[in-house]
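# Working through the structure, step by step
Listed below are the residues making up each chain.
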Amino acid sequence: MPVAIEPTVSAFKELWPAARVTNLLDDALAPDLAAAGSITPAMTERFVTIARYCESCGADAVLFTCSAFGTAIEAAKAAVKVPVLKPNEAMMEEALAAGSNVAVLTTFEPSVPSLKRELEELASSRGIQLKLRTRSIPGAIAALQQGHSAEHDSLIAAAAAEMGLCDVLVLGQFSMARAARGIPARPGRKVLTSPHSAVTRLKQIFAAI
């Protein structure tokens, strides 16, 4: 989505300013998924095409930013040789390292099944008994798309306050990162955002090479 670009660029500037960032946008993908109800082979092929295009242009890595397309991104990952990172891959690992009681907030409801599946599979692979709650706030993404960023942030902060006790609160969309600073701190609860976790992971990958 267009609203995911700015938070991603900001995270790179903050955490890894030396990285050269290029943004590619297919803003029809999210509406197409919402209309179809599930990921189609044609959508998956679009992800594969994007990954191959990035690789052919000399990209050292590809970071996708929409959490609703997990299986399509896995196909893209298999199609190229450069590292490909799913939007919330790094954040989920960070979340499970913080605890097993996880609350997930999203603003794009079609992303919920993919997020749940990936978190549950990761927890199972690590022998973690996951306690997972999710909540979607579609009004927040609508507000942000209409230019009402303060309303977007306040809706997310209100939903965060209603999630109760948890080890970690996950903001499931890249576009939600801007709202993190407005979520009151709670003892024992970590708040994670996709862009910051993803950029940190990419930086670690290249530091290890």
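Residues numbered from 1 in each chain as written. Predicted model: local features only at pLDDT ≥ 70, side-chain atom pairs only at ≥ 80, totals over all residues. Heavy atoms only, no water.

Scanning the protein chain from terminus to terminus reveals nine helices and six strands. Here the C-alpha radius of gyration of the protein chain, 16 Å, is about what a compact globule of 209 residues would show, namely 17 Å. The C-alpha extent of the protein chain, read off along each of the three principal axes, is 45 × 40 × 35 Å. Sorting the 209 residues of the protein chain into buried and exposed places 45% on the buried side. Taken as two groups, the 20 positive and 20 negative side-chain charges of the protein chain have centres that lie 5 Å from each other. (Helix = DSSP H or I, 4+ residues; strand = E, 2+ residues; numbered from the N terminus. Rg over C-alpha atoms; globule rule 2.2 N^0.38 Å. Buried < 20%, exposed > 50% of the residue type's maximum accessible area, 1.4 Å probe, protein only. Lys, Arg positive; Asp, Glu negative; His and termini not counted. Charge placed at Lys NZ, Arg CZ, Asp CG, Glu CD.)

What follows covers the packing of helix α4 (residues 70-79) against helix α6 (residues 112-125). Running from amino to carboxyl end, α4 crosses α6 at an angle of 65°, the nearest separation of the two axes being 9 Å. Taken together, the residues of α6 that come into contact with α4 (itself represented by Gly70, Thr71 and Glu74) are Ser114, Arg117 and Glu118. By residue class, the composition of the contact of α4 with α6 is no nonpolar, three polar and three charged. (Axes fitted to C-alpha atoms, helices over the stretch in contact; angles between N-to-C directions. Contact = heavy atoms within 4.5 Å. Nonpolar A, V, L, I, M, F, W, Y, C, P; charged D, E, K, R; others polar.)

In this section: the environment of Asp26. Within the element layout of this structure, Asp26 appears in the loop between α1 (5-15) and α2 (29-36). Sequence-wise, Asp26 and Ile50 are 24 residues apart; in three dimensions their C-alpha atoms are separated by 9.1 Å. For Asp26, the contacting residues outside a window of four places in its chain are Arg46 and Ile50.

Read from one edge to the other, the open sheet built from four strands follows the order β4-β3-β5-β6, with strand pairing classed as parallel. Pairing within the sheet leaves two strands with one partner each, and these edge strands are β4 (131-136) and β6 (190-193). The sheet shows a mean angle of 20° between the axes of neighbouring strands, taken without regard to direction. Inspection of the sheet shows strand β5 (residues 168-171) paired to β6 by four bridges, in the parallel sense. (Pairing = 2+ DSSP bridges.)

Right, let's talk about the packing of aromatic side chains for a bit. Two descriptors summarise a pair of aromatic rings, namely the distance from one centre to the other and the angle between the planes of the rings. The final tally for this structure, using the stated rule, is four aromatic pairs. Ring geometry for Phe12 against Trp16: centres 6.3 Å apart, planes inclined by 25°, an arrangement best described as stacked. Each member of the pair, Phe12 together with Trp16, is buried. Summarising the aromatic geometry, the rings of Phe47 and Phe69 are spaced 4.9 Å apart at their centres and angled 35° between planes, so their arrangement reads as tilted. Here Phe47, found in helix α3 (residues 41-56), pairs with Phe69, found in the loop between β1 (62-63) and α4; they are 22 residues apart in sequence, far enough to count as distant. This pair shows no difference in class: Phe47 is buried, exactly as Phe69 is. (Phe/Tyr/Trp six-rings, centres within 6.5 Å; stacked < 30°, edge-to-face > 60°.)

Overall, the coordinates contain one cavity of 30 Å³ or more when judged by the stated rule. In terms of lining, the largest cavity is formed by Met1, Ala4, Thr65, Cys66, Ser67, Gln173, Phe174 and Ser175. Along the lines of polarity and charge, the residues of the lining of the largest cavity split into four nonpolar, four polar and no charged. (1 Å grid on protein atoms, 1.4 Å probe; cavity = no way out; pocket = protein on both sides within 12 Å on 5 of 7 lines; lining within 4 Å. Points joined across faces, edges and corners; volume = space filled by probe spheres on them.)

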